[in-house]
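Understanding the architecture of this molecule
Here is how the chains run, residue by residue.
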Amino acid sequence: MKNTKITIHFLGAAGTVTGSKYLIDTGAHQLLIDCGVFQGLKELRLKNWEYPPVDVSAIDAVLLTHGHFDHTGYLPRLIKYGFNGPVYGTNPTLDIATIILNDSAKIQEQEAARANKEGYSKHSPAEPLYGVKDVAKTISHFKEVPPSQWIPLFEGISARFQYNGHILGSTFIELEIHEKRFVFSGDIGRTNDLLLFPPLKPEKADVLFIESTYGGRFHPDEVEAVLEIEKLVNDTINRRGSVFIPSFSVERAQLMMLILWRLLNENKIPKVPIIMDSPMGASILDLFYRTRDWHRLTTDECDEMCDHFTVVSSYQETMELRSDNKPKIVIAGSGMLTGGRMLNYLETQAQNPDNTLLFVGYQAEGTRGRKLLDGEKELKVYGKWVPFNMEIAEIEGLSSHADHNELIGWMNEITNIPERIFIVHGEKEGAEALQLGIKETYGWDSQIPQLYDIEEL
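Model, not experiment: these values are computed from the prediction.

Glancing now at the sheet that holds strand β21 (residues 454-456). On the basis of which strands lie adjacent, the open sheet formed by seven strands has the order β6-β5-β4-β3-β2-β1-β21 and mixed pairing. Taken across any chain shown, the strands that pair with only one partner, and hence form the sheet edges, are β6 (142-144) and β21. Sheet twist, expressed as the average angle between the axes of neighbouring strands with direction ignored, equals 25°. Pairing of strand β3 (residues 30-33) with strand β4 (residues 61-63), which is carried by three bridges, proceeds in the parallel orientation. Bridged to Leu 31 within β4 is Ala 61. Here helix α4 (residues 91-118) sits on the sheet and contacts β5 (87-89) and β6; the angle it forms with β6, its principal contact strand, is near 155°.

Right, dumping it as structure tokens:
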């Protein structure tokens, strides 16, 4: 082969925890690993509207580690900018991406229409990042791959998608490029998850890209987390309040459903309405049946659990429910309060000190969720400031991300010494903590790339 140089473009989730995009240019072919949107800080969110610093039309294929928005949400824009290749992922990943992209497109169109009607947007007219028609074009590019099998992509290049916990369908991706093994961790799941199986581990990595979301942080035991939820729900309902749980459509939603159903079954929490509010709610519940090989639940457990939930799909139902002050539990998007149906509830319910806002996932820097956890007492919703008086709680033991020890342990079956290790998908402190942990445990050197860095191998 004449050209043996490989160039890596860090287009997202480098020096930050959102917007995952890594372009691998072999000289003959270009592959994009993940295609997520930026969330959180305004200077990052604005980048979602910019043309990426690469030739999008030259990208041959996209490979998805999993279906989360910060790993798939930029796909419609990529196609708008000229990408015309296949988008590879496992069956559950493509199902989840379909749900999330349609969900987000509908919400964006609704919010843009509301902004134009009420005149609170700085843009005239306000527009969604993409719409439902853009998502339909995107889905036509999806191509399912089986897990744990090598798939030939191009001459000298093959890929394998390996079970990784985290969410249904989640994988780490191994690329074999002219006998060099590139490993992309994606988001690594927990070793003892209540819903999912433990992640598989790579056995070889010449070039390793590893996430660091919870670098330097340690999760409490999930049993303790369930006890906290039980107490929190009882305390809130006893004072006649409601519990609001922000969650991406398929983020911790399934695990929260499982936990709440079991607590109800065991008569440990009151029998109040439990609402899954999502335009794609029915599809989310159906995911359990379509992905039986990816989780621990039996069909009977799926049936019983899903019977306990009220699925709200229409926007009108949301607007009616948000003014209902009867005690209830509501799970709605988005997980970091960057948008979604949960904002409709908070617009009317945030002032009620009897209510509780419960975070069960990571809150990125600059998001509404992080700001509230950091003590802000006002919430900007649809162009106006709303006083925030609710109780607020965060339960980290239910995070779908591996903690520091689990990240370090995920590498312990690699038999060679990686030539390069790139620590990605984390904020500065987490990335540096993981870098130190890798050095202390394995003696391996690593580096922390920043957004738009370019590395040549």
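Interfaces are often described in size by the accessible area the parts lose on coming together. Domain assignment breaks the chain into domain 1 (7-217 + 400-456) and domain 2 (222-394). The centre of domain 1, based on its C-alpha atoms, is set 26 Å off from the matching centre of domain 2. The junction of domain 1 with domain 2 conceals about 3,800 Å² of combined surface from both sides, 62% of it contributed by carbon and sulfur atoms. Of all residues in domain 1, Arg 114, Leu 194 and Leu 195 bury the most surface against domain 2, accounting for 19% of the area lost on that side. In this assembly, domain 1 and domain 2 are joined by three salt bridges. A salt bridge links Glu 427 to Arg 370; its shortest N-O distance comes to 3.1 Å. Taken together, domain 1 and domain 2 are joined by 13 residue pairs in polar contact (both at pLDDT 80 or more). Looking at which element gives the most residues to the side of domain 1 that touches domain 2, the answer is α4, with 12 residues. Along the lines of polarity and charge, the residues of the side of domain 1 that touches domain 2 split into 18 nonpolar, 14 polar and nine charged.

Our next topic: unusual backbone geometry. With an omega of 0°, the peptide bond between Gly 333 and Ser 334 qualifies as cis. Along the chain, Ser 334 turns up in the loop between β15 (329-332) and α11 (342-349). Its identity as a non-glycine residue notwithstanding, His 178 has a phi of 50°, on the positive side. As for its placement among the helices and strands, His 178 is situated in the loop between β9 (171-177) and β10 (180-184). By relative accessible area, His 178 is classed as partly exposed at 34%. Look at Glu 179: it is not a glycine, yet its phi comes out positive at around 70°. For Glu 179, the location among the structural elements is in the loop between β9 and β10. Residue Glu 179 is classed as exposed on the basis of its relative accessible area, which comes to 70%.

Here the focus is the sheet that holds strand β20 (residues 420-424). If you walk across this open sheet you meet the six strands as β7-β8-β9-β10-β11-β20, and the pairing is mixed. With one partner strand each, in any of the chains shown, β7 (151-154) and β20 form the two edges of the open sheet. The average undirected angle you get between the axes of adjacent strands in this sheet is 20°. Bridging between β10 and strand β11 (residues 207-211) involves three bridges; their strand directions are parallel. Following the sheet pairing, Phe 184 is matched in β11 by Phe 209. Each of β11 and β20 is contacted by helix α14 (residues 428-442), which is oriented at about 150° to β20, the strand it contacts most.

The topology assignment puts Leu 194 in the loop between β10 and β11. On the basis of relative accessibility, which here comes to 28%, the residue Leu 194 falls in the partly exposed class. What Leu 194 contacts, discounting residues up to four positions off in sequence, is Glu 222, Val 226, Leu 255, Leu 258, Ile 259 and Arg 296.

A few words on the pattern of salt bridges. With the rule as written, the count across this model stands at 21 salt bridges. One salt bridge connects Asp 206 with Lys 204, and the closest N-O pair in it is separated by 3.9 Å. Owing to a relative accessible area of 9%, Asp 206 belongs among the buried residues under this scheme. Residue Lys 204 is classed as partly exposed on the basis of its relative accessible area of 29%. Lys 439 is paired through a salt bridge with Asp 445; the nearest N and O atoms lie 2.7 Å apart. Given a relative accessible area of 41%, Lys 439 falls into the partly exposed group. Taking the relative accessible area as the measure of exposure, Asp 445 reaches 60% and is therefore exposed. Among the charged side chains, a network of salt bridges with common partners joins Arg 114, Glu 118, Arg 322, Glu 347 and Lys 384.

How each quantity is defined
- Residue positions are given per chain, counting from 1 as you read along its sequence in written order.
- pLDDT decides what is reported in this predicted model: residues at 70 or higher carry local features, side-chain atom pairs at 80 or more are listed and counted, and totals for whole chains, interfaces and linings draw on all residues regardless.
- Only hydrogens and water are set aside; all other atoms, that is, all heavy atoms of the structure, feed into the side-chain values.
- Being paired, for any two strands, means DSSP has found at least two bridges between them.
- Here a strand is any run of E in DSSP of at least two residues, a helix any run of H or I of at least four, and the numbering for each starts at the N terminus.
- Structural elements are reduced to axes, namely lines fitted to C-alpha atoms, with helices fitted over the stretch in contact, and the angle between N-to-C directions of any two is expressed from 0 to 180 degrees.
- Residue contacts are counted whenever heavy atoms from the two residues lie within 4.5 Å of one another.
- The domain boundaries here were taken from an automatic or database domain assignment.
- A 1.4 Å probe defines the accessible area here, and the buried area is the portion of it lost by two parts on being joined, summed over both.
- What counts as a salt bridge is simple: a side-chain nitrogen of Lys or Arg found within 4 Å of a carboxyl oxygen of Asp or Glu.
- Two N or O atoms count as a polar contact when they lie within 3.5 Å, although within protein this holds only if one can serve as hydrogen donor and the other as acceptor, and sequence-adjacent residues are included solely when both atoms are side-chain atoms.
- Charged residues are taken to be Asp, Glu, Lys and Arg, nonpolar residues to be Ala, Val, Leu, Ile, Met, Phe, Trp, Tyr, Cys and Pro, and polar residues to be all remaining types, Gly included.
- Type-normalised accessible area, obtained with a 1.4 Å probe on protein chains alone, sets the label of each residue: buried when under 20%, exposed when over 50%, and partly exposed for intermediate values.

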